[in-house]
Amino acid sequence: MRLRHLLLAALLPAGLALAAPAQAQGTLRIGMTAADIPLTHGQPDQGFEGNRFTGIPLYDGLTAWDLSSAERASVVIAGLATEWAVDANDRTRWVFRLRPGVTFHDGSPFNADAVVWNVRKVLDREAPHFDPRQVGLTASRMPTLRRAEKVDDMTVALITSEPDSLLPINLTNLFMASPTHWEALRARHPTAEATWNAFAAQPSGTGPFRLTRFVPRERAEMTRNDNYWGTKAKLERVVLLPIPEANARTAALLSGQVDWIEAPSPDAVPQLRQRGMQIASNPQPHVWPWQPCFLPSSPLSDVRVRRAVNLAIDRDGLRTLLGGMMQPAVGTVPPGHPWWGNPSFNIRTDKAEARRLLAEAGYGPQRPLTLRVQISASGSGQMQPLSMNEFLQQDLREVGINIEFDVIEWNALFTNWRNGCGHASARGAHAINVSFAAMDPFFAMVRFWDSKMAAPTSNNWGMFNSPRFDELVAAARNSFAPAERDAALARLHAAGVDEALFIWIAHDVGPRAMSPRVRGHVQPQSWFVDLRLPSIQ
């Protein structure tokens, strides 16, 4: 028994292995896939795992995602804004009515001045509170937003660079931090950067939880905000623990060190179930791809090669490797989705056709194709990146494709994603493996296929540039009626699949394992979860 405890301790982070299991009623301990606590200053890093665990719990946006149901798709709902509409006379101007009676954690009021201040923190380089670190985490997710204007205390106008029907969805990523709290801290710190660092240690948002303890790379503790404007959390406290290695997360759950883990190792799922653990999963708008580089020097600039790689992958075999915890991806959205659009290129496993296309493109035994892919060892939404990529490496070898991996830390990979494949940080990669959310049109398609979104503006890492696709994107942005917009997006998606603009591999189902003590968790069809809903007994 003593040897077993020593082995478990060896797998766990130092700050976790020595901690006795918490006994406090209402405390939920979560093992994250991230290697560090996501930033807490209002715009989290660590991808959408940051939004999930330090964004949404501590802060609110003007708009939010409905995370209350496992049976229906998550949609945008009112957050700190109660209603919004585009100006009928100027489609670059949106008017938002703000929720009355909301206060920040420090007790100061939320109002139009706070919205203007939060927009300026990421868009106005002349603002005294401008924070360059938050720009890449926010501006790339709402690239048409230019400024905010106060109409009255509870009304604000947001101005875009062009008509953009997608803006209300994008605003789920702009979290509101307290200007009053920041200004109080600024009086005691020499620079804006130092002030934001102090703010991150003692943040003030409007969210359902407050940060009460923060130890970098070790833990963050949040307590319930009893003054929250909406439905209050059932939990008294949430503890976040970074455990990037899947086996270590599993060991932590089995030993009682945590109550909930993200992305359990597929091999461990039978044991977890045998021990009475709950396994939650649900199809979600999430894509696990290889994103190609389209520069002339990249073999993937040839559509025949991109199609060949798509056809060479045994997605069913990969699903077996993952214990069924994935869905094969044949596009960014699945067939039957309003944005599917019936593309003519049928993504499937057809290795003979893959070899034919490679030969047509000039590759074969005398001239083998070698692709370099930049990947991470773990990270938000990355599922099981090492084992999955190793499977693909072996699978593609069957058709004569040699895969080389450049394995780097997740947050570095996420930063490189915004630099582009022509940047030195790509280190010659022909593709990058960053999973992404596809719950809204901008995140699903626009930021990858619009030439104006080329890095570092947004996530067009591959530097894709096509006037035809720019026109398709513009048609979607200018479609404000839902049915018209869906039709425009369907045309965009079909064109993207026909051109094989991604190597589509998997859709995640968001697996997480939880102690039987966790009650009331809802596994939505979303990347995110609502930590107000669960309790622990």
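Quick caveat: nothing in here was measured; it's all calculated off a predicted structure. (Residues numbered from 1 in each chain as written. Predicted model: local features only at pLDDT ≥ 70, side-chain atom pairs only at ≥ 80, totals over all residues. Heavy atoms only, no water.)

**Quick notes on the packing of helix α16 (residues 441-449) against helix α18 (residues 482-498)**
Then, in step 1: For the pair α16 and α18, interaxial distance at closest approach is 11 Å and the crossing angle is 55°. One way to sum up the angle between α16 and α18 is to call them oblique. The hand of the α16/α18 crossing is left-handed. Residue-level contacts link P441, M445 and W449 of α16 to L489, L492, H493 and G496 of α18.
Then, in step 2: Residues belonging to the contact of α16 with α18 are distributed by class as follows: 5 nonpolar, 2 polar and no charged. (Axes fitted to C-alpha atoms, helices over the stretch in contact; angles between N-to-C directions. Helix = DSSP H or I, 4+ residues; strand = E, 2+ residues; numbered from the N terminus. Parallel < 35°, antiparallel > 145°, perpendicular 65-115°, else oblique. Left-handed = near helix turned anticlockwise from the far one by under 90°. Contact = heavy atoms within 4.5 Å. Nonpolar A, V, L, I, M, F, W, Y, C, P; charged D, E, K, R; others polar.)

**What about the packing of aromatic side chains?**
Then, in step 1: Per the counting criterion, the structure on display carries 25 aromatic pairs.
Then, in step 2: Between the aromatic rings of Y228 and W229, the centroid separation amounts to 5.1 Å while the plane-to-plane angle is 45°, which identifies the pairing as tilted.
Then, in step 3: Grouped by ring-pair contacts, the aromatic residues F294, W410, F414, W417, F436, F448, W449, F464, F469, F502 and W504 constitute a single cluster. (Phe/Tyr/Trp six-rings, centres within 6.5 Å; stacked < 30°, edge-to-face > 60°.)

**Side note on the confidence of the model for the chain**
Then, in step 1: The pLDDT averaged across the chain works out to 93; a share of 95% of its residues lies at or above 70.
Then, in step 2: For residues 1-24, every residue scores under 50 in pLDDT, and the model assigns this stretch 25 contacts once sequence neighbours within four places are set aside. (pLDDT = per-residue confidence, 0-100.)

**Thoughts on the pairing of strand β6 (residues 145-152)**
Then, in step 1: With 6 bridges connecting them, β6 and strand β7 (residues 155-160) associate as antiparallel partners. Within the sheet, the bridge partner assigned to L145 lies in β7 and is T160.
Then, in step 2: Between β6 and β7, which pair antiparallel in sequence order, lie 2 residues. (Pairing = 2+ DSSP bridges.)

**Points about the sheet that holds β7**
Then, in step 1: Taking strand neighbours across the sheet as the criterion, the 4 strands line up as β4-β5-β7-β6 in an open arrangement whose pairing is antiparallel. If you trace the sheet from one side to the other, it starts and ends with β4 (81-87) and β6, each paired once. Within the sheet, the average angular offset between the axes of one strand and its neighbour, ignoring direction, is 20°.

**A look at the packing of α16 against helix α17 (residues 467-477)**
Then, in step 1: At a minimum axis distance of 10 Å, the contact between α16 and α17 shows a crossing angle of 140°. It follows that α16 is oblique to α17 by the angle criterion. For the element pair α16 and α17, the recorded crossing hand is left-handed. Facing α16, whose interface residues are F442, V446 and W449, α17 presents F469, D470, V473 and R477.
Then, in step 2: A breakdown of the residues in the contact of α16 with α17 according to their chemical character gives 5 nonpolar, no polar and 2 charged.

**Points about the side chain of D508**
Then, in step 1: Here D508 is to be found in the loop between β19 (503-507) and β20 (512-514).
Then, in step 2: R52 is the oppositely charged side chain nearest to the buried, salt-bridge-free D508, at an N-O distance of 6.6 Å.
Then, in step 3: A distance of 3.1 Å separates a polar side-chain atom of D508 from the backbone nitrogen of G510.
Then, in step 4: Those residues in contact with D508, other than ones at most four positions away along the chain, are N282, P283, Q284, H286, M325 and M383. (Buried < 20%, exposed > 50% of the residue type's maximum accessible area, 1.4 Å probe, protein only. Lys, Arg positive; Asp, Glu negative; His and termini not counted. Salt bridge = Lys/Arg side-chain N within 4 Å of Asp/Glu carboxyl O. Polar contact = N/O pair within 3.5 Å; in protein donor to acceptor, adjacent residues only side chain to side chain.)

**Points about the pattern of salt bridges**
Any two side chains of opposite charge can pair, given that their charged atoms come close.
Then, in step 1: Inspection of every chain in the model, using the stated rule, returns 29 salt bridges.
Then, in step 2: A salt bridge links R237 to E221; the nearest nitrogen and oxygen atoms lie 2.8 Å apart. Within this pair, whereas R237 is found in strand β10 (residues 237-242), its partner E221 is found in strand β9 (residues 219-224), the two being separated by 16 residues in sequence.

**Considering the nonpolar core**
Then, in step 1: Residues W290, V309, I401, W449 and I505 are the most contacted members of the largest nonpolar core, which totals 86 residues.
Then, in step 2: In terms of residue count, α16 provides more of this core than any other element does, 7 residues in total.
Then, in step 3: With near-sequence residues (within four places) excluded, I401 lies in contact with V309, L358, L369, L371 and L396. (Core = buried A, V, L, I, M, F, W, Y, C linked by side-chain atoms within 4.5 Å.)

**Quick word on the environment of M32**
Then, in step 1: Within the fold, M32 resides in strand β1 (residues 27-32).
Then, in step 2: For M32 and A248, which are 216 residues apart along the polypeptide, the C-alpha to C-alpha distance reads 11 Å.

**Some words on the sheet that holds β9**
Then, in step 1: One open sheet holds the 7 strands; their spatial order is β8-β9-β10-β1-β11-β20-β12, and the pairing between them is mixed. Each having just a single partner strand, β8 (209-215) and β12 (278-280) make up the two edges of the open sheet. Strand-to-strand twist of the sheet, defined as the mean angle between neighbouring strand axes without regard to direction, takes the value 20°.
Then, in step 2: Where helix α3 (residues 47-55) meets the sheet, its contacts fall on β1, β9, β10, β11 (260-262) and β20, and the angle it forms with β11 comes to roughly 155°.

**Here's the deal with helix α13 (residues 351-360)**
Then, in step 1: All of the buried residues along α13 are K351, A354, L357 and L358. Projected down its long axis, α13 carries its buried residues within an arc of 120°, all on one side.
Then, in step 2: For α13, the secondary structure elements touched by its buried residues are α11 (303-312), β15 (369-376), α14 (385-397) and β16 (401-408).
Then, in step 3: A positive phi of about 100° marks G362, the residue just after α13. (Arc of directions from axis to C-beta.)

**Focus on unusual backbone geometry**
Then, in step 1: Cis geometry marks the peptide bond from A455 to P456, where omega comes out at 10°.
Then, in step 2: Along the chain, the position of P456 falls in the loop between α16 and α17.
Then, in step 3: For R217, which is not glycine, the phi dihedral falls at a positive 65°.
Then, in step 4: Note on placement: R217 falls in the loop between β8 and β9.

**Let's talk about α14**
Then, in step 1: Here α14 is 13 residues long and its end C-alpha atoms lie 18 Å apart, about the 18 Å a rise of 1.5 Å per residue gives.
Then, in step 2: Where α14 is concerned, the buried positions are P385, M388, N389, F391, L392, Q393, D395 and L396. (Expected span 1.5 Å × (residues − 1).)

**Regarding the state of the cysteines**
Then, in step 1: If you walk through the whole model with that rule in mind, you get 1 disulfide.
Then, in step 2: One disulfide bridge connects C293 with C421, the sulfur atoms lying 2.2 Å from each other. Note on the C293 and C421 pair: the S-S dihedral is about 60°, so by sign convention the disulfide is right-handed. Of this pair, C293 sits in the loop between β13 (286-292) and α11 while C421 sits in the loop between α15 (410-417) and β17 (431-432), and the two are 128 residues apart along the sequence. (Disulfide = S-S within 2.5 Å.)

**What to know about the pairing of β10**
Then, in step 1: Of all 6 residues that make up β10, 5 are buried, and the element is covered over most of its length.
Then, in step 2: Taken together, the 6 bridges between β1 and β10 define a ladder with parallel strand orientation. From the neighbouring strand, R29 faces β10, where its bridge partner is V239.
Then, in step 3: Examined bridge by bridge, β9 and β10 share 4 bridges and lie antiparallel to one another. Across the sheet, T223 pairs through a bridge with R237, a residue of β10.

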